[in-house]
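The primary structure of each chain is shown beneath.
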Amino acid sequence: MSETTTKRYHPVHVVIHWLMALLVFLMLGVGKGVMPGVSPEDPQKVGILQSHAYIGGAIAVLLVARLVLRYTTRRPAPADAGSAFLNFLGKAVHLLLYLMLIGMAVSGFGMFQQANLSAVFSGAQPYPSNFFDFLPRIGHGLTSWLLLALIALHVGAALFHQFIRKDNLLARMWFGK
Ligand code: HEM
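**Details of the nonpolar core**
Core analysis: the largest hydrophobic core is formed by 18 residues, its most contacted members being Met 20, Val 24, Ile 59, Leu 101 and Leu 147. Contributions of two or more residues to this core are made by α1 (11–33), α2 (44–72), α3 (84–114) and α5 (136–164). Among residues more than four places away in sequence, those in contact with Met 20 are Ile 59, Leu 62, Leu 63, Arg 66 and Leu 101. If you look at the next biggest cluster of nonpolar residues, it comprises 10 residues, including Met 35, Leu 49, Met 111 and Val 120.

Now the structure itself:
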């Protein structure tokens, strides 16, 4: 376990945090807003899913790198939100964010295997007519909603610290001395 005497997260951790934020935002936006509207017969459908799978895989790799960094580099002391309950909530949301992202990656990989997506991507097999024929699709959909709710809480907490408690918490997840 790392010491807790530094003011900021490690710069590589900072890069990974914001890169993951961008990619997860993109994945949730495209997954909820674009993918359901493109029919399986549309020639663009395979390309969209292929990008989705590759970015999902990249998120999984970044997540592993981030967890390694989290436990091998020094990080700031736990933030104080002003009450024991909020401090507990903060820790729980962070843990659940990690767990939900692992859930998205594992269920995504489950669909990849069960639907034989490598054959779909190479054109050797047609696009599956309905991914709900594969059990991990249910977990992927439910987890995506939980992830969205957790992200809303996470962003809300960051804004609460920044503008109501005015403790400049965001600086801990940015570069500097
Ligand atoms: C952290 C990574 C990921 C995120 C945030 C994510 C997000 C999403 C979202 C939001 C949806 C729509 C869910 C719904 O509204 O029910 C979706 C669908 C889907 N995702 Fe992911 N995903 C991730 C990783 C993956 C991976 C690695 C794969 C591997 C192939 C994958 C394959 C799929 C498939 C096959 C669908 C269903 C498409 C359909 O029903 O037509 N996802 N994803």
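Now that the structure has been shown, we can carry on.
**Re the site of the ligand**
Around the ligand there are 22 residues in total, and Lys 32, His 52, Gly 108, Arg 137 and His 140 lie nearest to it. Note that an oxygen atom of the ligand is positioned 3.0 Å from one of the side-chain N or O atoms of Arg 137. Here a nitrogen atom of the ligand and a side-chain polar atom of His 140 are 2.9 Å apart. Of the pockets mapped on this structure, the ligand occupies the second largest pocket. Looking at the shell around the ligand, the element that brings in the most residues is α2, giving 6 residues. Residues belonging to the shell around the ligand are distributed by class as follows: 12 nonpolar, 7 polar and 3 charged.

**A look at unusual backbone geometry**
Peptide bonds are mostly trans, and most non-glycine residues show a negative phi. The residue Lys 166 is not glycine, and still its phi comes out positive at about 50 degrees. Position of Lys 166 relative to the elements: it lies in the segment after α5. The class of Lys 166 is exposed, set by a relative accessible area of 65%. Even without glycine at this site, Asn 168 takes up a positive phi of about 50 degrees. Tracing the backbone through its elements, the reader meets Asn 168 in the segment after α5. Since its relative accessible area comes to 45%, Asn 168 is described here as partly exposed.

**Section: α2**
In a regular helix each residue adds 1.5 Å, so 29 residues correspond to 42 Å; α2 covers 42 Å between its end C-alpha atoms and thus fits that length. All of the buried residues in α2 are Lys 45, Leu 49, His 52, Ile 59, Leu 62, Leu 63, Arg 66, Leu 69 and Arg 70.

**Remarks on the environment of Ser 122**
Along the chain, Ser 122 turns up in the loop between α4 (117–121) and α5. Residues Ser 122 and Ser 51, spaced 71 residues apart in sequence, show a C-alpha to C-alpha distance of 13 Å. From its side chain, Ser 122 meets the backbone oxygen of Ala 119 in a polar contact 3.1 Å long.

**A look at the layout of surface pockets**
Roughly 930 Å³ of internal volume is contained in the second largest pocket. Among the secondary structure elements, those contributing two or more residues to the lining of the second largest pocket are α1, α2, α3, α4 and α5. Its residues assigned to classes, the lining of the second largest pocket shows 25 nonpolar, 10 polar and 3 charged.

**Notes on the coordination of the iron atom of the ligand**
Of the protein atoms, only His 52 (NE2) and His 140 (NE2) coordinate the iron atom of the ligand, at distances of 2.0 Å. Judged by relative accessible area, which is 13%, His 140 ranks as buried.

**Looking at the environment of Met 173**
Relative to the elements of secondary structure, Met 173 occurs in the segment after α5. Along the chain, Met 173 and Asn 87 lie 86 residues apart, while their C-alpha atoms are 18 Å from each other. In this structure, Met 173 is in contact with Tyr 9, His 13, Val 14, His 17, Trp 18 and Arg 66, ignoring residues within four places of it in sequence.

How each quantity is defined
- Residues numbered from 1 in each chain as written.
- Predicted model: local features only at pLDDT ≥ 70, side-chain atom pairs only at ≥ 80, totals over all residues.
- Heavy atoms only, no water.
- Core = buried A, V, L, I, M, F, W, Y, C linked by side-chain atoms within 4.5 Å.
- Buried < 20%, exposed > 50% of the residue type's maximum accessible area, 1.4 Å probe, protein only.
- Helix = DSSP H or I, 4+ residues; strand = E, 2+ residues; numbered from the N terminus.
- Contact = heavy atoms within 4.5 Å.
- Near = heavy atom within 4 Å.
- Polar contact = N/O pair within 3.5 Å; in protein donor to acceptor, adjacent residues only side chain to side chain.
- 1 Å grid on protein atoms, 1.4 Å probe; cavity = no way out; pocket = protein on both sides within 12 Å on 5 of 7 lines; lining within 4 Å.
- Sits in = over half its atoms within 2 Å of the grid points.
- Nonpolar A, V, L, I, M, F, W, Y, C, P; charged D, E, K, R; others polar.
- Expected span 1.5 Å × (residues − 1).
- Points joined across faces, edges and corners; volume = space filled by probe spheres on them.
- Donors = N, O, S within 2.8 Å, 3.2 Å for Na, K, Ca; no water.

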